[in-house]
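# Survey of secondary and tertiary structure
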Amino acid sequence: MATAVMPEQRTNYLNAEHGVKSWLLTTDHKRIALLYMVSVTFFFFIGGVYALLIRLELLTPAGDLVQADTYNRLFSGHGIVMVFFFLIPVVPAILGNFLVPIMIGAKDLAFPRINLLSWYLYIIAGMMVIHVLLTGGVDTGWTFYTPYSTAFASPKVVETGLAVFINGFSSIFTGLNFIVTIHRMRAPGMTWSRLPLFIWANYATSLIMVLGTPVIAITLVLLVLERVFHLGIFDPKLGGDPLLFQHLFWFYSHPAVYIMILPSMGIMSELIACFSRKRIFGFQFVALSSVAIAVLGFLVWAHHMFVAGMSVYAALIFSFLTFFIGVPSAIKVFNWTATMYKGSVTYETPMLYAFGFIGLFTIGGLTGLFLATLGIDIHVTDTYFVVAHFHYVMVGGVVMGYLGGLHFWWPKITGRMYPEGLGKLAALIGFIGFNLTFFPQFILGYVGMPRRYYQYPPEFQMLNVLSTAGATILGVGYLFPLVYLIWSLKYGEVASDNPWNAAGLEWKTTSPPPTFNFHEDPVVDFEAYNYDELKEIPRER
Amino acid sequence: MSENEHHIVPVKLYMLIGGTLLFFTWVTYAVSKIDLGPLNTVVALCIATFKATLVVLIFMHVKYTSEKLTKAVIFSAIFFLGLLLTLSLADFGTRNWL
Amino acid sequence: MSASHATTAGSAGAHAGTQDAAQRELRHHFVDMQQQSNTASLGMWLFLVTEVMFFGGMFCAYLIYRLAYYKDFAAASQSIDVRWGALNTAVLLVSSFTMAMAVRCAQLGKQKLLVIFLLFTMLFGATFLGVKAKEYYDKYEEHHIPAMNFNFDGKLLGHPEYVVNQRHAEMFFSIYFAMTGMHALHMVIGLGLMAYLIIASSRGKFDTSYYTPVENIGLYWHFVDVVWIYLFPLLYLISRTKG
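Quick look at the overall build of chain A now. Check the secondary structure of chain A and you find 17 helices and zero strands. Relative to a compact globule of 541 residues, whose C-alpha radius of gyration would be 24 Å, chain A shows 23 Å and is just as compact. When the 541 residues of chain A are sorted by exposure, 59% land in the buried category. Nonlocal contacts in chain A, meaning residues at least 24 apart in sequence, comprise 85% of its contacts between residues at least 6 apart.

For the rest of this paragraph, the subject is the overall build of chain C. For chain C, the count of helices and strands is eight helices and zero strands. Helices and strands appear in chain C in the N-to-C order α-α-α-α-α-α-α-α. Radius of gyration (C-alpha) of chain C: 23 Å, far over the 18 Å computed for a compact globule of 243 residues. Here the C-alpha coordinates of chain C stretch approximately 80 × 35 × 30 Å along the principal axes. Counting only residues that meet the buried cut, chain C has 52% of its 243 residues in that class. Considering only contacts in chain C between residues 6 or more positions apart, those separated by 24 or more positions represent 78%.

The linkage connecting A:Thr146 with the following residue, A:Pro147, adopts the cis geometry, with an omega of -5°. On the secondary structure map, A:Pro147 appears in the loop between α5 (112-134) and α6 (148-152). With omega at -5°, the peptide bond leading from A:Ser511 into A:Pro512 counts as cis. For A:Pro512, the location among the structural elements is in the loop between α16 (461-491) and α17 (531-534). One non-glycine residue, C:Ala147, adopts positive backbone phi at about 65°. Tracing the chain through its elements places C:Ala147 in the loop between α6 (111-141) and α7 (166-202).

In this complex, chain A contributes 33 residues to the contact, which on the side of chain C involves 29 residues. Residue assignment for the side of chain A that touches chain C shows that the elements contributing at least two residues are α7 (156-184), α8 (197-229) and α9 (242-276) of chain A. Of the residues forming the side of chain A that touches chain C, the biggest block, 10 residues, is contributed by α8(A). Among the residues making up the side of chain A that touches chain C, the classes are represented as 22 nonpolar, six polar and five charged.

A separate point is the interface of chain B and chain C. Where the parts come together, the accessible area they lose is often given as the size of the interface. In this assembly, 40 residues from chain B lie in contact with 43 residues from chain C. Counting residues per element, the ones that place at least two in the side of chain B that touches chain C are α1 (11-31), α2 (39-59) and α3 (68-92) of chain B. A per-element tally of the side of chain B that touches chain C places α3(B) first, with 11 residues. The residue inventory of the side of chain B that touches chain C, partitioned by class, reads 24 nonpolar, 12 polar and four charged.

Attention now moves to the confidence of the model for chain C. Residues and elements named next belong to chain C. Chain-level pLDDT for chain C is 91 on average; 92% of the residues reach the 70-or-more range. Taken together, the stretch residues 1-17 has pLDDT below 50 and engages in 24 contacts with residues farther than four places along the chain or on a different chain. Under the prediction, the complex receives an ipTM of 0.94, its pTM being 0.94.

Residue and element names in this part refer to chain C. Tracing the chain through its elements places Gln34 in helix α3 (residues 33-68). We classify Gln34 as partly exposed; it has 18 C-beta atoms within 10 Å. Taking C-alpha positions, Gln34 is 27 Å from Val224, a pair spaced 190 residues apart along the chain.

Over its 27 residues, helix α15 (residues 420-446) of chain A extends 39 Å from the first C-alpha to the last, a length consistent with the 39 Å expected when each residue adds 1.5 Å. Two residues or fewer after α15(A) comes A:Gly448, characterised by a positive phi angle close to 115°.

Formed by 282 residues in total, the largest nonpolar core has its most connected members in C:Ala102 and C:Ile175. With 23 residues, α9(A) is the single largest residue contributor to this core. Residues lining this core come from more than one domain, with at least three contributed by each of domain 1 (1-66) and domain 2 (68-98) of chain B.

Turning next to the packing of helix α2 (residues 29-57) of chain A against α5(A). Residues and elements named next belong to chain A. Across the interface, α2 lies against α5 with an axial gap of 10 Å and an inter-helix angle of 15°. Considering the angle they form, α2 stands roughly parallel to α5. Where α2 crosses over α5, the two elements pack in a sense that is left-handed. Two secondary-structure elements touch here, α2 through His29, Ile32, Leu35, Tyr36, Ser39 and Phe43 and α5 through Pro112, Asn115, Leu116, Trp119, Tyr122, Ile123 and Gly126. Of the residues in the contact of α2 with α5, the class split is nine nonpolar, four polar and no charged.

Residues and elements named next belong to chain A. Inspection of the secondary structure puts Gly430 in helix α15. Gly430 sits in the buried class, given 26 other C-beta atoms within 10 Å. C-alpha separation for the pair Gly430 and Tyr478, spaced 48 residues apart in sequence, amounts to 6.9 Å. Other than its neighbours up to four places away in sequence, Gly430 contacts Leu474, Gly477 and Tyr478.

With that settled, consider the packing of helix α5 (residues 82-108) of chain C against α6(C). Residues and elements named next belong to chain C. Between α5 and α6, the shortest axis-to-axis distance is 8 Å and the interhelical angle comes to 165°. In terms of axis orientation, α5 runs roughly antiparallel to α6. Judged by the sense of rotation from one axis to the other, the crossing of α5 with α6 is left-handed. Looking at side-chain class alone, the contact of α5 with α6 contains 18 nonpolar, six polar and three charged residues.

The next thing to look at is helix α4 (residues 90-104) of chain A. Residue and element names in this part refer to chain A. Helix length check: α4 (15 residues) gives 20 Å between terminal C-alpha atoms against 21 Å at 1.5 Å per residue, within 8%. Taken as a whole, α4 carries its principal kink of about 55° at Gly96. Most of α4 sits inside the fold, with 15 of its 15 residues counted as buried.

The next thing to look at is the environment of A:Leu162. All names here are of chain A. Inspection of the secondary structure assignment puts Leu162 in helix α7. It is 8.4 Å that separates the C-alpha atoms of Leu162 and Met128, two residues lying 34 residues apart in sequence. With residues up to four places along the chain from it excluded, the contact list for Leu162 reads Met128 and Val224.

Each value, and the rule that gives it
Residues numbered from 1 in each chain as written. Chains lettered and ligands numbered in written order. Predicted model: local features only at pLDDT ≥ 70, side-chain atom pairs only at ≥ 80, totals over all residues. Helix = DSSP H or I, 4+ residues; strand = E, 2+ residues; numbered from the N terminus. Rg over C-alpha atoms; globule rule 2.2 N^0.38 Å. Buried ≥ 20, exposed ≤ 12 C-beta atoms within 10 Å, placed from the backbone. Contact = placed C-beta atoms within 7 Å. Nonpolar A, V, L, I, M, F, W, Y, C, P; charged D, E, K, R; others polar. pLDDT = per-residue confidence, 0-100. Expected span 1.5 Å × (residues − 1). Core = buried A, V, L, I, M, F, W, Y, C linked by C-beta atoms within 7 Å. Domains from an automatic or database assignment. Axes fitted to C-alpha atoms, helices over the stretch in contact; angles between N-to-C directions. Parallel < 35°, antiparallel > 145°, perpendicular 65-115°, else oblique. Left-handed = near helix turned anticlockwise from the far one by under 90°. Bend = angle between axes of the 7 residues up to and from the residue.

Structure, rendered in structure tokens:
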């Protein structure tokens, strides 16, 4: 059936070298992206197993599946794995690593060996966390609040803190690599205003990685020093303030959520432009809104601390600042919908994920505004309302964006198409499963069910059962792509260079690309998203 | 940093800066022995900033680079550190109000 | 258009005989040594940004507690020897001078002098650490190390009646050891980097067409010096008068 040359017969980055060493010692950004893909996916499913255990416990009001202490370890493990080992690296380290050099017309990232080091740091940190999970885990929550974590929790806190510290450097080096690459290695003619919005998004993300991650790094160092050497920076017995830990922790961890969402927003711009066959509406606004989100993201961290005992005047300031973040995000959503208006919209799998993203991220984002409002926050903080809010943006936003991008660029990465029917089905199953899991949680939180509790009043059971049912369906929605994407590596339809007839430098090279990305050095003399020029060419698969 | 490769800073300037840095270290030490109340800290930090500026501009060649990006990078480091310190202070400094 | 893609003739300002280092060290994904060197510099500056934020977290902790426990911090600060601190400040400043001179020698291709200045930089760096070790030992003897039989019996200058809060004094020393310890760790790493540069320059790795590591490690060294420029007044000079 394939009329194109079988990918295995041409030399590309996948078959250029063989053997384990050529993968484990590679400096090719594309191979490193695949190394990340395997490891990040592995951690995603570990985090997922923890989620299922949590939801199983919550099927019944009584704490009957696990003990309270174990439950604490379950939600801590889920949070630590998902936040640090899945959400932060998933788009930048996989799709970013693969696409950033190609999209700007470069042969590799600025520092290929540091890129490989980033992956090894991730793996070392990951192995430490696995070790912690297998030997009892921590019960502090992924937030490690003091003085519990420094004075009372299990000694595993030290190993976990060190693991997250090491992982932080993986992130810092990736961000540093991206910023330098984007500044210094753009092909001739690739001006900032011609850069794809995925690049703008990764650039903004990298700013956050470089500026924010070091603060959580030092915070964890201080935590470990306090635990091991009793150097009491956060110790109330020495007059230490537990809120200092929270300030330092959230100074990173709030911008971190923008590290998670910005790259997915970048993917959205690529998908929506392609499947509306139209240039993104308001290109400059979308590009600059990414940078605005990155900067504004650093001004709002204490909105996680409204009820912790901070000064009410500071709370007012942070609440006020938090509202501003909604503006650039809303600008993006409006620009995406304006792009679709009078475009030629089609509904391939990536576009289904894009639609899902727009709806779910909007709900997640709006509920963030509710939480920014001090009066409402007093009522719903530390309840399932917050849990629902961040899962809407993290799962409905980040994960949907990632899956949309993964399907979109799958032919470029592997030279194979995924099965379109199954793709659409999985997207639909995921969407239904997601909403069934998390929408009831908004209600649960509003009526008062606290988060991180393993038992609850019987009147909350129906909503919890719905949520657990949804989680099971969502799990199926994730297992589908795991299976059919792997299947497609051998049996999928062979892809052409540009199966979507999409704009962008990555579609001008072969699928998969050669090791140095292009057969001829690219020169850019066209604007981004030049779909008006691509309109007449029939789409070949 | 393209200009750095070609701009050679004269030895005399390095020595002048080095001498200035040492002199102002002595000044810092000497002023600390005089009671200026809260101004002691201000003076000490101003001198420190002056010294740091000399190191950054001359020893780290920032004065001689045509790269605006370097200056933007330095500015953002100072700015974001400032955010951390100022907004944290907004909490700790106002706890006792009301 | 061919000039920008030619890898041999790319480095501006280099003479034919000194092309070797640039040619040898050019990595395949760069167009020319100019691009590679600009890229490496930007990379180091961004790394220094991360270091600013890294130390910044500790400066934040220091700031908060100094404001809250001023008198106790002042008393604790008065118990560390300002003369050692001032000496160390001078030592580091001189080491920055020798480092800058080393980079200058690299720019001019003066290999022998480069090695000598690097050696001096390393010597001054080691001196700094020696003094620091002495200071730490003094603190150990005076029982000023947190959680190691900590007992602060110093007084606040000019206020003999003030009873220094032991726990707050211990907090000062926690921050003191965390900040100077982290700084010292960076010095140790710096010494390692100096050793690498000394060995590499002795082997002729650098010439006028390529000396990027010297330049960038120099940036790192100056940064560590700048951190100390702030640590000295903040830790040693909270209050040195009877005020």
